[in-house]
Amino acid sequence: MLRVDLNCDLGESTSAEKLAVDAELIAQVTSVNVACGFHAGNLDVMRATVCMAKTHGVAVGAHPGYPDLEGFGRRDMEMPPGEVQACVLEQIGTLAAISKAEGVALSHVKPHGALYNKAAVDYETALAIGKAIKLSNGSLMYCGLAGSQMEKAAAALNLRFASEVFADRAYWGDGTLVPRNQDGAIIEDVEAAATRVLRMICEGKVVAIDGNDLDLRASTVCIHGDSANAQVFATRIKTVLEAAGVQLLPMAQIV
C-alpha cells in the first residue's frame, strides 16, 4: 500500500480568527510545522498549536525561518552558515521546550520560506540547518524539498530525511520551486492540485512548468496553511488520496 504524510505550516498568525481556521485545518493533516516566532507566531500561538496537534494526534515539527517578521520570512537574507545554525537551533529549542511541557515529542524540522529555498540549492546552508537539527536531537527528521541539497546534507549527517512535494506550487525542470512572483507559480485550482498530488504519490512524477515530466520521490505533501483556501485544498487532497487507497500517516511512520 502506498503511504504518504500530509503536512501543513501552522501557527503563523496571532489572530483568533486564524487560530480558529488552523483548528479546522489541523484535522485534515497528519503533521504540522509550527512557526517558531522568527518569521511568524509567538510563544502563546506555538503552545496553542502544539495543543491542537496533540488533541488530533497530529505529529509536530519545528518550522524555523529567517528572523524576518516584517517579510514573513520570504525575503532572502545574507547569513553565514554559523549564524544559520544558531538561528535554527534557537527556534527548535524554543518549540521543543513548549512541546515537552505539553507532553508532545517533536517529530521533524522543516525550514520556512526563503531559508527553505536557499537550503534547497545551497549545500552549506542546508548543512547548517542539518547541524542544528543534529545538535538539538539527532532523532528528529529533516524535512525538505525532494532531491535538493537538503537531502544531500541530511545523508551526510545521517539524519532521516522526509522528501517533500508541494500541492500548490509549480516546479522548474530542475526540481526547484518556481518563485512566487513568477506567473504560474501558485496552483489555485483545487482539482488540478489534487490530480497532481495523486500522480506524484502514485507515479513519482509531476509536470514541470516547461511541460516536461519531472521525477521525484514523495514522503510528505505540503499544504500551505496561509493560503486562503488551505482547508479546501487539504480536504480535497485527503479525499482523493484515500479514495485511491493511499494511506495517510505521520512522516515518522513513513521515513
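Residues numbered from 1 in each chain as written. Predicted model: local features only at pLDDT ≥ 70, side-chain atom pairs only at ≥ 80, totals over all residues. Heavy atoms only, no water.

Caption draft 1: Region of the structure containing helix H8 (residues 230-243). Over its 14 residues, H8 runs 20 Å from end to end, which matches the ideal 20 Å to within 8%, given 1.5 Å per residue. Buried residues of H8: Ala-230, Phe-233, Ala-234, Ile-237, Val-240 and Leu-241, and no others. The buried residues of H8 occupy an angular sector of 140 degrees when projected down its axis, which confines them to one face. Here the buried face of H8 lies against strand S1 (3-10), helix H1 (16-25), helix H7 (190-203), strand S9 (220-223) and strand S10 (247-248). (Helix = DSSP H or I, 4+ residues; strand = E, 2+ residues; numbered from the N terminus. Expected span 1.5 Å × (residues − 1). Buried < 20%, exposed > 50% of the residue type's maximum accessible area, 1.4 Å probe, protein only. Arc of directions from axis to C-beta. Contact = heavy atoms within 4.5 Å.)

Caption draft 2: Examining the pairing of strand S6 (residues 161-166) more closely. Burial within S6 is extensive, with 6 of its 6 residues counted as buried. As judged from the 4 bridges shared by strand S5 (residues 141-145) and S6, these two strands associate in the parallel manner. If you follow Cys-143 over to S6, its bridge partner there is Ala-162. Relative to S9, S6 runs parallel, the two being bridged by 3 bridges. Pairing of Phe-166 across the sheet is with Cys-222, part of S9. (Pairing = 2+ DSSP bridges.)

Caption draft 3: Region of interest: the pattern of salt bridges. Tallied over the full model, the rule gives 10 salt bridges. A salt bridge links Glu-102 to Arg-47; the shortest N-O distance between them is 3.5 Å. Placement of Glu-102 in the loop between helix H3 (81-101) and strand S4 (106-109) and of Arg-47 in helix H2 (residues 43-56) is noted, with a sequence separation of 55 residues between them. The partner of Arg-75 in a salt bridge is Asp-68, with the nearest N and O atoms 2.4 Å apart. Looking at Asp-68, the relative accessible area reads 4%, which means it is buried. One connected set of salt bridges, linked through shared partners, spans Asp-9, Lys-110 and Glu-164. (Salt bridge = Lys/Arg side-chain N within 4 Å of Asp/Glu carboxyl O.)

Caption draft 4: How the structure looks around helix H5 (residues 123-136). Helix length check: H5, at 14 residues, gives a terminal C-alpha distance of 20 Å against a target of 20 Å (1.5 Å per residue), a fit within 8%. Lining the buried residues of H5 we find H3, S4, helix H4 (113-121), S5 and helix H6 (149-156).

Caption draft 5: Here's a closer look at the packing of H1 against H2. Put simply, H1 and H2 touch, their axes get as near as 10 Å, and they point 25 degrees apart. The orientation of H1 with respect to H2, classified from their angle, is roughly parallel. The chirality of how H1 crosses H2 is right-handed. Residues Leu-19, Asp-22 and Ala-23 of H1 lie in contact with H2, whose contacting residues are Val-45, Met-52 and His-56. Counted by class, the contact of H1 with H2 contains 4 nonpolar, 1 polar and 1 charged residues. (Axes fitted to C-alpha atoms, helices over the stretch in contact; angles between N-to-C directions. Parallel < 35°, antiparallel > 145°, perpendicular 65-115°, else oblique. Left-handed = near helix turned anticlockwise from the far one by under 90°. Nonpolar A, V, L, I, M, F, W, Y, C, P; charged D, E, K, R; others polar.)

Caption draft 6: The arrangement of the side chain of Gln-149 in detail. Among the structural elements, Gln-149 can be located in helix H6. Classification of Gln-149 by relative accessible area gives buried; the value is 18%. In contact with Gln-149, other than residues within four places in its own chain, are Ala-119, Ala-120, Val-121, Asp-122, Tyr-123 and Ala-126.

Caption draft 7: Broad picture of the environment of Met-77. Relative to the assigned elements, Met-77 resides in the loop between strand S3 (59-63) and H3. For Met-77 and Ala-155, which are 78 residues apart along the polypeptide, the C-alpha to C-alpha distance reads 25 Å. Leave out the neighbours within four places in its chain, and Met-77 touches Tyr-66, Pro-67, Asp-68 and Lys-118.

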